[in-house]
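Residues per chain, in single letters:
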Amino acid sequence: MADTHQEGAGTGADFDLSQFYQIFFEEAGENLDQMEQMLLDLDLDAANDEELNGIFRCAHSIKGGAATFGFADVAELTHQMESLLDRLRRHELQVIAPMVDVLLESADASRSLLARHQAGGQGEAMSTQDLVRRISTLAAGGVPAPVAAPAPAAPTPLPAPQEAQAQQGQADADGTRALEIHIGPLAQPALAEAIKDLFRDIPGLGSIDDLPDGRPGMRRFAVRTASTDEDLLDLFAFHVAKEQVAIHAAGAPAAPAAAPQAVPQASPEPYGFFAGAPGVPVDEVAAAALAAPAPRPAAPRAGAEPKAASQASMESSTIRVAVNKVDQLINLVGELVITQAMLAQNSRGLDAGLHQQLLAGLADLDRNTRDLQESVMSIRMIPMSIVFNRFPRMLRDLAGKLGKKVDFVTHGEATELDKSLVEKITDPLTHLVRNSLDHGIELPDDRIAAGKAEHGTLSLSASHQGGSIVIEVRDDGKGLSREKILKKARERGLDVSDAMPDGEVWNLIFAPGFSTADVVTDVSGRGVGMDVVKRNITSLGGSVEIDSAEGYGMRVSVRLPLTLAIMDGMSVGVADEVYILPLSSVVESFQVNADDVNTVAQGSQLVKVRDEYMPVVSLERIFDVPRPNAGEGSSIMVVVEADGSRVAVLVDELLGQHQVVVKNLETNYRKVPNVSGATILGDGTVALILDTAALVRRARH
């Protein structure tokens, strides 16, 4: 990447930086997400130095990349953010809520500007003048007094940018300045040569000459240039970090005076350099050495890994791979699993004594194939924290808008789910969380009047249960009103009664357009859109349940399969055909007598199971399965459940339970009613995977 910047900067036309745009956009998005999370976690009363430095590094990385690729609007905004953050991390200002607010808004604006650039500049660019003005005001101290620092007898005011520039050296008649640039520590000598190449390759940048090295690993240069310090730092961004560069006027001392000063404010140099410890700015070392106590960073939480260490670990242990490559790998492993199953089935008739070595090899192949399948499937599994991290910012803004106070709690962020499911479950979860805050959590005065804490609690949890993942959204608000729901249902002409169980009453809010909200808001309405939430979850092979107690709160449980690419299924036989029932939908199976089945109106059949009548679904009739012997009939029923209802599926035999690789039938053939997909069995035949939800709906109508 370093060579890329060098060549592109040198000629401007013979090297196309646009090929690196996608990498920059992805890294900028990650930096913005990380910055937002750290801003939300920031303790205003005792800001952690490491967190402030981490937020600053994120802004600096985005600014350097944006300037390199020519995105001037992003570079300008992040430069202003960087200026404010730089004063905060030097303890020249105290962190206050308006600063966090404007930095969060600026992160949103940067994300919007980057999205526009990624789309090729389409659409009208948003104005950032107001944000720049507010940041500048805050950075200039136009807010309550900054953190008090140990002051010398005669405090030296912070030099204005123009004054700092003058201290860096007056410009000659031709506009150039004589500077000394100190860079280090440099682990690779080639980096220093690359920086020298920049001055040789970029016309008009200026001249550079070596100076005697001051200490091991450090390189010193005499530079004459018309460029500003910020431009030079941005130019070096792909070679060294900003903290490793010190810029001085020619002949000026390289470090602050030895006498104690008011730490960074009194230093005439905007950029410090290490004093003994590699990579540590000199102003931080000098501040730590002062006799007067400096502001102490907040102690890290127990068990928390330092962010810098975790970031370094992430950079060295991860690799970015296109999703289509992972999908292709999963498809190939699926084909391998099918081939292995065919070999296993064809080898069952072999004599173990004559083919011992072959059978042992097939057993090893079976074990290794399963291990490979699990490993490849885990590549697509990503933690639920990807989804959970979206909500703190949303709840913060929404709570401020509604005048409510809420504590957001998460559990099981490390629980993993297939990437395709994570993307599709985000919108339904967002709707549930907004509903809980808008219509579940009460206003502070109402909570106090009800004997509750002023702050409500909204929790989001994820956990593995069997072959599924269960995501729960809980709040300790006012809960659902059974009386209000029944009243609304009667107004809509729904068939309800006062004797209905609570579970059936709560399910009424999933009816299309059903809402108990007294006032429609622009945020949400509990019930409005809940039918869409349930439909989206059901389309993923999942289910949703509600539990509520009026005055105490509400819980919504969403159950999803771990992946859509592989599933546990029960294979059943009807005549010569084989069908797959999702094991998560199977409740029980039993032998049935002809006398237990009753025929009602229009030829529909019911079977009595433990004093409960259940609709019967005959696969033979639905799929017109031909029978060689017309006199034979099905005698086994499998009870399946979907959408809170159960039906009994009539089959001939139960063939077994096993994992099946799901193939999209609609993509490879066409959409077939009552079928959700297909799989290839060990003997090479195709078996249809049944859509249990469609079978239940068919039985109802």
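Residues numbered from 1 in each chain as written. Predicted model: local features only at pLDDT ≥ 70, side-chain atom pairs only at ≥ 80, totals over all residues. Heavy atoms only, no water.

> Looking at this structure, I do not really get helix H15 (residues 391-402). What am I missing?
The α-helix winds at 3.6 residues per turn, so residues separated by three or four positions along the chain end up facing the same way. With 12 residues, H15 ought to run about 16 Å at 1.5 Å a step, and its terminal C-alpha atoms sit 16 Å apart, in line with that. Buried within H15 we find Phe391, Arg393, Met394, Leu395, Leu398 and Ala399. Looking at the buried side of H15, the elements it contacts are helix H2 (21-41), helix H5 (97-118), helix H14 (385-388), strand S6 (406-411), helix H16 (419-440) and strand S8 (456-465). (Helix = DSSP H or I, 4+ residues; strand = E, 2+ residues; numbered from the N terminus. Expected span 1.5 Å × (residues − 1). Buried < 20%, exposed > 50% of the residue type's maximum accessible area, 1.4 Å probe, protein only. Contact = heavy atoms within 4.5 Å.)

> I keep staring at the nonpolar core and nothing clicks. Help me out?
Nonpolar side chains in soluble globular proteins tend to end up buried together. Met384, Leu429, Ile471, Ile546 and Leu560 are the most contacted members of the largest nonpolar core, which has 47 residues in total. Element by element, the count of residues in this core is highest for H16, at seven residues. The residues contacting Leu429, other than those within four sequence positions of it, are Met384, Val387, Phe391, Ile471 and Val473. Residues Leu42, Cys58, Ala75 and Ala139 belong to the second largest nonpolar core, which totals 43 residues. (Core = buried A, V, L, I, M, F, W, Y, C linked by side-chain atoms within 4.5 Å.)

> Sorry if this is basic, but what is going on with the pairing of strand S1 (residues 177-183) here?
Successive residues of a regular strand alternate their side chains across the two faces of the sheet. Of all the seven residues making up S1, six are buried; the element is thus mostly covered by neighbouring parts of the structure. Pairing geometry for S1 and strand S3 (residues 219-225), over seven bridges, is antiparallel. Each residue of the ladder has a partner; that of Ile181, found in S3, is Phe221. Direction of pairing for S1 relative to strand S4 (residues 245-249): antiparallel, over a ladder of five bridges. Paired with Glu180 across the two strands is His248, which belongs to S4. (Pairing = 2+ DSSP bridges.)

> Looking at this model, I keep getting lost on the sheet that holds strand S19 (residues 645-651). Mind explaining?
Note: strands within a sheet are paired through backbone hydrogen bonds, in either parallel or antiparallel orientation. The strand order S14-S18-S19-S17-S16-S15 describes an open sheet built from six strands, whose pairing is mixed. In this open sheet, the two strands that pair with only one neighbour each are strand S14 (586-591) and strand S15 (597-599). Each strand axis lies, on average, 35° off the axis of its neighbour in the sheet, ignoring direction. Of the pairings in the sheet, the one linking strand S17 (residues 612-618) to S19 comprises three bridges and is parallel in character. Paired with Val617 across the bridge in S19 is Val649. (Axes fitted to C-alpha atoms, helices over the stretch in contact; angles between N-to-C directions.)

> In this structure, what is going on with the environment of Leu443? I would like to understand it.
Along the polypeptide, Leu443 turns up in the loop between H16 and helix H17 (444-449). Spatially, the C-alpha atoms of Leu443 and His455 are 8.9 Å apart, while their sequence positions differ by 12 residues. Residues in contact with Leu443, not counting those within four places in the same chain, are Leu402, Gly403 and Lys404.

> What's the story with the pattern of salt bridges in this structure? I'm lost.
Close approach of charged atoms allows side chains of opposite charge to pair. What the rule picks out here adds up to 36 salt bridges. Across the pair Arg87 and Glu92 runs a salt bridge, and its minimum N-O distance is 2.8 Å. Taken individually, Arg87 and Glu92 each receive the classification buried, so the pair is uniform in this respect. For Glu454, the salt bridge is made with Lys405, and the minimal N-O distance between the two is 2.9 Å. Of the two residues, Glu454 is situated in the loop between H17 and S8 and Lys405 in the loop between H15 and S6; the sequence distance between them amounts to 49 residues. Residue Glu454 is classed as partly exposed on the basis of its relative accessible area of 32%. Salt bridges sharing common partners tie together Asp33, Glu36, Asp101, Asp108, Arg111, Arg393, Arg396 and Asp397. (Salt bridge = Lys/Arg side-chain N within 4 Å of Asp/Glu carboxyl O.)

> So what exactly am I meant to see when it comes to the packing of aromatic side chains here?
The geometry of an aromatic ring pair is captured by the separation of the ring centres together with the interplanar angle, meaning the angle of the planes. Counted according to the given criterion, the structure contains six aromatic pairs. Here the aromatic rings of Phe25 and Phe71 are separated by 5.7 Å at their centres, their planes lie at 15°, and the arrangement is stacked. Here the residue Phe25 occupies a position in helix H2, and Phe71 occupies one in the loop between helix H3 (49-69) and helix H4 (72-89), the gap between them amounting to 46 residues. Accessibility expressed as a relative area gives 10% for Phe25, which makes it buried. Relative to Phe623, the ring of Tyr579 lies with its centre 5.1 Å away and its plane at 20°, an arrangement referred to as stacked. (Phe/Tyr/Trp six-rings, centres within 6.5 Å; stacked < 30°, edge-to-face > 60°.)

Read these as geometric descriptors, not functional statements.
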